[in-house]
Amino acid sequence: MEKKYLGKFDIVVIGAGHAGCEAALAAARLGKKTLVLSINLEAVANMFCNPAIGGTGKGHLVREIDALGGQMGLVIDKTFIQSRMLNTAKGPAVHSLRAQADKVRYHDEMKHVLELQDNLLLRQGEAVEIDFGQLDVPGREPEETAGLSPQGSAKKVRGVLLRTGAYYACEAVIIATGTFLGGKIFIGDSVIQSGPNGLSPSLDLAESLKKQGFRLRRFKTGTPARALRASIDFSKMTVQHGDPHVTPFSFMNDDLDKPQEDCWLTYTNEATHELLRENFSRSALFGGQIEGVGPRYCPSIEDKVNRFADKERHQCFVEPEGLSTEEMYLQGMSSSMPEDVQEGFYKTMPGLENLEIVRSAYAIEYDCIDPLDIKQNLEHREFPGVFCAGQFNGSSGYEEAAAQGLMAGINAVRMLDGKTPFVLDRSQAYIGVLIDDLVTKGTNEPYRIMTSRAEYRLVLRQDNADSRLTPLGREIGLVDDARWERFCRSQAQTEAELKRLRETTLSPSELNGWLESLGGSPVDGRVSLAELLKRPEVTYDNMAAVDRDRPALEGHIRSKVEVELKYAGYIGKQLQQIERFKKLENKALPEDLDYLNMEGVRLEARQKLDKMRPSSIGQASRISGVSPADINVLLVTLEKMRRS
């Protein structure tokens, strides 16, 4: 195949899913000439599985992406068709925003953002090989093949070759291939080399990566059937309305209230389970065709019935895919069963008796790397200049992918500029928890973020993501003047309101009648509004009855103020925990430390430390196989080095 040199970019992003879009936008906005490649432009920011953004833990990620200057929150705010705040019966640490998306509009909007972005070219094309100097490309300028990588390795990124022979020179590559890399779809005994939703898979790139020394493995995920709306009897289901007042994902938005679409809930039953059990042998999952490991927290319906045999029923959420289609998404019902079995088991559920399937459920297997092979800045340990993001890193979910894409884009730019990596730790953001879990602990299955993974979740709430991260985004260069001015104004209003509530006091005569109406106990003396807010029956909004001179504030400011005051004691304790955590995180480990010959450290720990090259004592302590005794030896070693 003749190779055709078509020019040079600073960064090439392979894949334009949720990771690729955020990576490309971040790189371009930070001033780098960026090319983003997609096998098919219809795949740009496509929601191949659930047509929704956010959810438990995931909503936190979207707000953090937005606070840093990313795009996902802005796009879903424009294209949602239903919005709900989840877990409101629990504490504020786990409140999580989720929005049902119009998937076509979401794709169109994100694609348009990329098309309008300066320094960025969105191009349809299939990358088949990353060039580390092994390719002879006529017309390529000599200086584009010269020199070592910034880290001194001979594996310097020099360009990317496309299936057509087109060649683009570059200095860094971000791999964000999603489920396309080595994609294989399973529907019963039907096995098809395919990307998601019938799009072409990326097979040649997978083979070239293996030949170049990338260690790939197989993971698997799945998606349920899509059904025709007219064939569903919603009267037999439980309706789920959106929230009467919409909470935006983006801190740039206030009032997003508009008419919303309904979703519905139905359940499997014993007839469903019996039909599935009778056909386990016909499932690709149990038949042995699938070698990839599937997600623990999003199993197929046949896997649920097999693993949780004592459960009498499982939920099935029926959700619209958009305003311009009659397709309905059957959430919770992914399957690799043959199509005749799918037709049968879906129809056993109330409201789905006359179901007409328009797209079959399927399982999809794909190639990914072991995330232990990448560093905290998402750069590959053995291939400098190659950054990795999304499902290629072993994660699952649009939000997890977008968060990694944003960080990969930022760090690819910083590598080219000779700047220190931008790394968020576990006390700063869910993004930090996500990446640290992947690159320090690794994963043997598609990784999903959850609030329970965050040790400091009372501090890492979604309502304060801007306070935590927008100053960092401004320092990096992603937060523009409009966002920064809005943030500064919001912070000033928040601080002023906290001060007012702490200083304003009311007498028993002003409070006790109102407290009695709420079922609360009376007060004996003057009480500040801040102390009043700590009572369980009192909220910021209902306190308006006695706090008549309050300023008019936006919803997210009111929410932040209430949480900061109501949970001040718990937040204070968590901040003390973070202070102790920071002491270990701030004890940096030299990159050239000789772990293999370190006396007093167990052999397993020496080997893992040598492979992982942790950046700090804190990260070293989270590596599987490194014990507290090993950490003590490291601390002693650091102290000896400091003294000498």
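Residues numbered from 1 in each chain as written. Predicted model: local features only at pLDDT ≥ 70, side-chain atom pairs only at ≥ 80, totals over all residues. Heavy atoms only, no water.

## Examining the overall build of the chain
Across its full length, the chain holds 20 helices and 24 strands. In terms of C-alpha radius of gyration, the chain reaches 26 Å, essentially the compact-globule figure of 26 Å for 644 residues. For the chain, the spread of C-alpha atoms along the three principal axes comes to 85 × 75 × 50 Å. A buried classification covers 57% of the 644 residues belonging to the chain. Contacts in the chain between residues at least 24 apart in sequence constitute 74% of all its contacts with a sequence separation of at least 6. Only carbon and sulfur atoms are counted for the fraction: they give 49% of the accessible area of the chain, which is about 26200 Å². Of the charged side chains in the chain, 81 are positive and 91 negative; the average position of the first set lies 4 Å away from that of the second. (Helix = DSSP H or I, 4+ residues; strand = E, 2+ residues; numbered from the N terminus. Rg over C-alpha atoms; globule rule 2.2 N^0.38 Å. Buried < 20%, exposed > 50% of the residue type's maximum accessible area, 1.4 Å probe, protein only. Contact = heavy atoms within 4.5 Å. Areas by Shrake-Rupley, 256 points an atom, 1.4 Å probe, with all protein chains shown as cover. Lys, Arg positive; Asp, Glu negative; His and termini not counted. Charge placed at Lys NZ, Arg CZ, Asp CG, Glu CD.)

## Structural notes on the packing of helix H10 (residues 398-416) against helix H11 (residues 430-441)
Following both chains from N to C, one finds H10 and H11 inclined at 90°, their axes separated by 10 Å at the closest point. Put simply, H10 runs roughly perpendicular to H11. Taken together, the residues of H11 that come into contact with H10 (itself represented by Glu400, Ala403, Gln404 and Met407) are Ile431, Leu434, Ile435 and Leu438. Grouping the constituent residues of the contact of H10 with H11 by class yields 6 nonpolar, 1 polar and 1 charged. (Axes fitted to C-alpha atoms, helices over the stretch in contact; angles between N-to-C directions. Parallel < 35°, antiparallel > 145°, perpendicular 65-115°, else oblique. Nonpolar A, V, L, I, M, F, W, Y, C, P; charged D, E, K, R; others polar.)

## Considerations on the confidence of the model for the chain
On average, residues of the chain score 94 in pLDDT, and 98% of them reach the 70 mark or higher. Scored below 50 in pLDDT, residues 145-152 shows 16 contacts in the model against residues more than four places distant or in partner chains. (pLDDT = per-residue confidence, 0-100.)

## A short note on the nonpolar core
Core analysis: the largest hydrophobic core is formed by 103 residues, its most contacted members being Ile53, Tyr106, Val160 and Ile431. In terms of residue count, the dominant contributor to this core is H10 (11 residues). For Val160, the residues in contact, after removing those within four places along its chain, are Val12, Ile14, Leu37, Ala127, Glu129, Ala166, Tyr167, Tyr168, Cys170 and Val173. (Core = buried A, V, L, I, M, F, W, Y, C linked by side-chain atoms within 4.5 Å.)

## Quick word on the pattern of salt bridges
Applying the stated rule across the entire model yields 54 salt bridges. Across the pair Arg483 and Asp66 runs a salt bridge, and its minimum N-O distance is 2.9 Å. With Arg483 in helix H13 (residues 481-503) and Asp66 in helix H2 (residues 58-68), this pair connects stretches of sequence that are 417 residues apart. On the accessibility criterion, Asp66 (0% relative accessible area) is buried. Residue Glu445 is joined to Arg296 by a salt bridge in which the shortest nitrogen-to-oxygen separation is 2.9 Å. Note that Glu445 is positioned in the loop between H11 and helix H12 (465-476) and Arg296 in the loop between helix H7 (284-287) and helix H8 (301-307), a separation of 149 residues in sequence. One salt-bridge network, held together by shared partners, links Arg426, Asp436, Asp437, Lys441, Glu455, Glu585 and Arg622. (Salt bridge = Lys/Arg side-chain N within 4 Å of Asp/Glu carboxyl O.)

## What about the packing of aromatic side chains?
All told, the structure shown has 10 aromatic pairs when counted by the stated rule. Geometrically, the ring pair formed by Phe132 and Phe383 is tilted, given 5.4 Å between the ring centres and 45° between the ring planes. One end of the pair, Phe132, is in the loop between strand S8 (127-131) and strand S9 (159-162); the other, Phe383, is in the loop between strand S21 (362-369) and strand S22 (386-388), with 251 residues separating them in the sequence. Owing to a relative accessible area of 10%, Phe132 belongs among the buried residues under this scheme. Residue classification places Phe383 among the buried positions, given a relative accessible area of 1%. Of the aromatic side chains, those joined through ring pairs into one cluster are Phe132, Phe214 and Phe383. Between the NZ or CZ atom of Arg63 and the centre of the ring of Phe251, over which it lies, the distance is 4.2 Å. (Phe/Tyr/Trp six-rings, centres within 6.5 Å; stacked < 30°, edge-to-face > 60°. Lys NZ or Arg CZ within 6 Å of the ring centre and 35° of its normal.)

## Looking at the pairing of S21
It is a general feature of regular strands that their side chains alternate between the two faces of the sheet. Within S21, 8 of the 8 residues are buried, which leaves the element mostly enclosed by the surrounding structure. Side chains Tyr362, Ile364, Tyr366 and Cys368 project from S21 onto one buried face, and the interleaved Ala363, Glu365, Asp367 and Ile369 project onto a second face that is buried too. The sheet contact formed by strand S12 (residues 184-187) and S21 spans 3 bridges and is antiparallel. Following the sheet pairing, Phe186 is matched in S21 by Ala363. Both strand S14 (residues 216-223) and S21 contribute to a ladder of 8 bridges, which runs antiparallel. Within S21, the position partnered with Gly222 by the bridge is Ala363. (Pairing = 2+ DSSP bridges.)

## Observations regarding the sheet that holds strand S19 (residues 327-331)
Strand pairing in a sheet takes place through backbone hydrogen bonds and is either antiparallel or parallel in direction. Read from one edge to the other, the open sheet built from 6 strands follows the order S16-S17-S18-S19-S15-S20, with strand pairing classed as antiparallel. Two strands in the sheet have a free side with no partner beyond their single neighbour: strand S16 (238-240) and strand S20 (357-359). For this sheet the average axis-to-axis angle between neighbouring strands, irrespective of direction, equals 35°. Across 3 bridges, strand S15 (residues 226-228) lies against S19 in antiparallel orientation. Pairing of Ala227 across the sheet is with Met328, part of S19.

## Focus on the packing of helix H1 (residues 18-29) against helix H4 (residues 103-116)
Between H1 and H4, the shortest axis-to-axis distance is 10 Å and the interhelical angle comes to 25°. By the criterion of interaxial angle, the relationship of H1 to H4 is roughly parallel. Crossing of H1 over H4 shows left-handed handedness. Along its contact with H1, which presents His18, Cys21, Glu22, Leu25 and Arg29, the element H4 presents Tyr106, Met110, Val113 and Leu114. Looking at the contact of H1 with H4, its residues break down into 6 nonpolar, 1 polar and 2 charged. (Left-handed = near helix turned anticlockwise from the far one by under 90°.)

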